[in-house]
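Coordinates in review
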Amino acid sequence: MDDLDVALITYLEDEQSSEEESRSEESELFKNRSSEGAFQILVHSHLHCNDEKFRQYFRLTTVLFDYVLNNIRDELTSKPYNRHKKPICPEEKLCILVRHLATGESYRSLAFQYRVSHSWISVIVREVAEAIIKRMFPIVLPTPTMGQFQKIAQK
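Quick caveat, the model's predicted, so the values are computed rather than measured.

**Observations regarding unusual backbone geometry**
The backbone of Arg59 sits at a positive phi, close to 60 degrees, despite the residue not being glycine. Within the element layout of this structure, Arg59 appears in the loop between α4 (51-58) and α5 (62-76). Owing to a relative accessible area of 54%, Arg59 belongs among the exposed residues under this scheme.

Rendered as structure tokens:
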């Protein structure tokens, strides 16, 4: 084994240990989601009781937010299991999607705000968007009936 091999092995070991330290620091950040995250501190405690501030933050009224939430809640509810003892509630999931759509914020930025990992943010965004399409699409854009087609055709 020459000096180059030893240097490479040392470098790879250092790289691996720094990745492990980084992961443990991130997990500490996310462990306090229920007490430090934007949902608990900002949305739940301050914005939900102030319609104007809620609308400024999400660019959506509380009435519309609650309407969408009530229609998709069943799709987003997760049961606790071994790895996630306190799953993210449907309201928080919808907040993450709406904030992302309202501002275009990156998943990393949302991860720091809401104390949820950026990879999990990507899953939440997709999950909530799919639930909205599945549950809200028939309400907002119902399939036209034959009578409606014939009425349009006569015009």
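**Some points on the pattern of salt bridges**
A side chain with one charge may pair with a side chain of the opposite charge, provided their charged atoms come close. Summed over all chains, the structure comprises 4 salt bridges. Here Glu75 ties to Lys134 by a salt bridge, and the two come within 3.2 Å at their closest N and O atoms. Here Glu75, found in helix α5, pairs with Lys134, found in helix α8 (residues 118-140); they are 59 residues apart in sequence, far enough to count as distant. Since its relative accessible area comes to 27%, Glu75 is described here as partly exposed. Owing to a relative accessible area of 53%, Lys134 belongs among the exposed residues under this scheme. Notably, a salt bridge pairs Arg99 with Glu105, separated by 3.0 Å at the nearest N-O pair.

**So, helix α7 (residues 107-114)**
Along α7, the residues classified as buried are Leu110, Ala111 and Tyr114. The buried residues of α7 all sit within an arc of 105 degrees when viewed along its axis, so they share a single face. Looking at the residues trailing α7, positive phi occurs at Arg115, about 60 degrees.

**Quick look at the nonpolar core**
One recurring pattern in soluble globular proteins: nonpolar side chains tend to sit buried together. The biggest cluster of nonpolar side chains holds 29 residues, and the ones touching the most others in it are Val43, Phe58, Ile72, Leu94, Ile96 and Tyr114. Those elements that provide at least two residues to this core are α3 (38-47), α4, α5, α6 (90-103), α7 and α8. No other element matches the 6 residues that α8 contributes to this core.

Reading guide: rules and limits
- Residues numbered from 1 in each chain as written.
- Predicted model: local features only at pLDDT ≥ 70, side-chain atom pairs only at ≥ 80, totals over all residues.
- Heavy atoms only, no water.
- Helix = DSSP H or I, 4+ residues; strand = E, 2+ residues; numbered from the N terminus.
- Buried < 20%, exposed > 50% of the residue type's maximum accessible area, 1.4 Å probe, protein only.
- Salt bridge = Lys/Arg side-chain N within 4 Å of Asp/Glu carboxyl O.
- Arc of directions from axis to C-beta.
- Core = buried A, V, L, I, M, F, W, Y, C linked by side-chain atoms within 4.5 Å.

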